[in-house]
Amino acid sequence: MAALLISVAYVLPAGALAQQDTMETTLDAVTVTAGALPVQLRNATRSVEVVTARELRESAASSVDDALRRLSGAWTQRRGAHGTQTDLSLRGGTFGQTLVLLDGMRFGDPQTGHHALQLPLPLAAIDRIEVLPGHGSALLGADALGGAVNIVPAAGGPPRMHAALEGGSFGLRHAALNASWGGEGIPSRTAVDYRASDGWRMGTDFDHLSVSHLSRLESAAGRLSLIAAYADKDFGAFDFYSPGRGIPSRERVRVGFAALGFRRGLGRAELQTSVFVRDLRDRFHFDTRIPDRFINEHHTQLAGGRAQVIAVVREDLTLSAGLEANADRIRSSNLGDHARQWLSLSAATSWHAARWMEADAGLRLDVHDSHRPQLNPTVGLLFRLGEQWSARTSVGRSFRLPTYTDLYYSDPATRGNADLRPESAWSGEAGLRWQPLPVLGMTVTAFRRDQRDLIDYVQQNPGEMFIAMNFSSAMIDGLESSVEWKAASSGWLERAGLSVQLLSTELDTRSAYRTRYALSAPSRLLRAVLAGTLPGRFRWHGTVIAADQQVARDYVTVDFVLRRNIGSISLYIAADNLSNSAIEEFPGLPLHGRWLRAGVEVGLGAE
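(A) Structural detail: the pairing of strand 12 (residues 188-197). Burial analysis of strand 12 places seven of its ten residues in the buried class, which makes it a mostly covered element. Sheet analysis places strand 11 (residues 172-181) next to strand 12, joined by nine bridges and oriented antiparallel. Residue pairing in the sheet places Ser-180 in a bridge with Arg-189 of strand 12. Hairpin connection of strand 11 to strand 12: six residues between the antiparallel strands, including Gly-182 at a positive phi of 100°. Where strand 12 and strand 13 (residues 206-219) come together, ten bridges link them in antiparallel fashion. Looking across to strand 13, one finds that Asp-193 is bridged to Ser-210.

Here it is as structure tokens:
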């Protein structure tokens, strides 16, 4: 497979398979809100990927991580299926180096990055997923060292209800209800999602429930928004953290999120404010055969508030300034009780320098009570080189704080390190975009991340304990290439895309140790997406993923969806891992084989 991936990489330009700014479509007008300043995709000085609600539906994604694994810059390491437990990596980073946001507000867990995707928002309540690979701390603060993912909830609107029922292999049962109401007065949306399965082998069953509500109130004073969401996940975790040892673990995660936001226009400026709180309770029983031992209970809380002013100084110049305060704490049977606070000041600017050039810059200072202050700058440029070509480049500094698990965890196999230093990195990227035809687009992006004090768990000799430590240096070089074609009219093939990502990771001299996470991302990764309409108005969607992994076995997998819309009713069948490939994204932890699903969706009310 390595030879195949290398040969394709030389033929194709680099970029992102699902990166919507590779084509002049209506998505070019999408405004990405995850950064310090909102920006349209066509004007972005760095790689940005967007997954829309329509794409989530057409691909029959079962969870956010299922949607993310189809993107070029993202890599998801799944321990379980359907969003049970997944680590997220962007551009070869570790799972702790990706910041997850919910509507622009920090959602990551201070205990461990393993919980970053334990989202309480049902898929049906999501408007889009924004992915910003690469340096992000100058815009978003700690932990956006490898990049950031922003989950944007769908707003309410005219009265409409959408219901879905699904069943499938391994005792899968799924029901979802999504209702918008309130009209123009107080547009609101409420969503409920229940998903469960008996599992594909012992100890892989799951039972998931998520509920969310969003309301907005428009008035002369401004716009007030409310988000409230809750999820309860109970699942078998057989060998999740002990691959190959046959230990029947079990875990239950309950997470709640609430936020209040306010926006008010001030002439040519806008004031944006928000406050939020996130509460997560995790109970992990390492060996259920021993009822009263090896049970870890963690309760983490994260709260914050921010105020930002965005001012349009001239038609070609926008400035922003922001103030943000955050605090987190943990109460844990294993890690103890700890708390920390930090304050952040930020400024950013976007300049439409000329018809052929865009420029932006940002600077952020984070002052923590537990670590030294962090100052992170960024700058980016976009050049339009005629009608068909454009080039962009950006560079910036980022950092990550050690989690409470990194600092204080202890068991017979793993030990944290209270003396860990924050990670930091300088990252840069440069890319070209070529669109020779309205229906054909190609991109190439090269990137580098020069890291200092990388945190990982290392083992000097087999059988010894894994100990958290800082590597003095780590270098990641990468190349992303993609080509995407979209037909001008419907037919059996309406979309075809192919992307390749190549990674090279070099650690310092201590890389002779066995590392747990630093080499988790594949060295070569190929993704292909095909979609179209068959006779009888059947819509089909296929995804092929080929991974040449550094620490786990290589694999090729195929997912397929066939859908038929009949008025307000949609019927579909889906096959996850149709190829029935043997998949391990963590060495020694096999994932499911072929998983068949079938469902019906019904929409009632105004469009």
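(B) Layout of the confidence of the model for the protein chain. Overall, the prediction assigns the protein chain a mean pLDDT of 89, with 92% of residues at 70 or greater. Every residue in residues 1-27 scores below 50 in pLDDT, and together they form 105 contacts with partners more than four places removed in sequence or on other chains.

(C) The nonpolar core, seen in detail. Core analysis: the biggest nonpolar cluster contains 59 residues, and Val-64, Leu-68 and Ile-129 have the highest contact counts within it. With four residues, strand 15 (residues 250-266) is the single largest residue contributor to this core. Those residues in contact with Leu-68, other than ones at most four positions away along the chain, are Ala-74, Thr-76, Leu-88, Leu-117, Ile-129, Val-131 and Val-149. Phe-95, Leu-407, Leu-420 and Ile-455 belong to the second-largest nonpolar core, a separate cluster that totals eight residues.

(D) Region of the structure containing the pattern of salt bridges. Summed over the entire model, instances satisfying the criterion amount to 39 salt bridges. Between Glu-423 and Arg-400 there is a salt bridge, with its nearest N and O atoms 3.2 Å apart. Of this pair, Glu-423 sits in strand 24 (residues 423-437) while Arg-400 is found in strand 22 (residues 389-400), placing the two residues 23 residues apart along the sequence. By relative accessible area, which is 1% here, Glu-423 ends up buried.

Parameters at a glance
- All residue numbers refer to position in the chain's written sequence, counted from 1.
- pLDDT decides what is reported in this predicted model: residues at 70 or higher carry local features, side-chain atom pairs at 80 or more are listed and counted, and totals for whole chains, interfaces and linings draw on all residues regardless.
- With hydrogens and water set aside, each side-chain value is computed from the structure's full complement of heavy atoms.
- Residue exposure (1.4 Å probe, protein chains only): buried if accessible area is under 20% of the type maximum, exposed if over 50%, otherwise partly exposed.
- Segments assigned H or I by DSSP are reported as helices when at least four residues long, segments assigned E as strands when at least two residues long, and all are numbered from the N terminus.
- In this analysis, strands are considered paired if DSSP registers two or more bridges between them.
- Scored from 0 to 100, pLDDT records how confident the predictor is in each individual residue.
- Contact between two residues is taken to exist if any of their heavy atoms lie within 4.5 Å; hydrogens are not considered.
- To form a nonpolar core, buried Ala, Val, Leu, Ile, Met, Phe, Trp, Tyr and Cys residues must be joined to one another through side-chain atoms within 4.5 Å.
- A carboxyl oxygen of Asp or Glu within 4 Å of a side-chain nitrogen of Lys or Arg is what we treat as a salt bridge.

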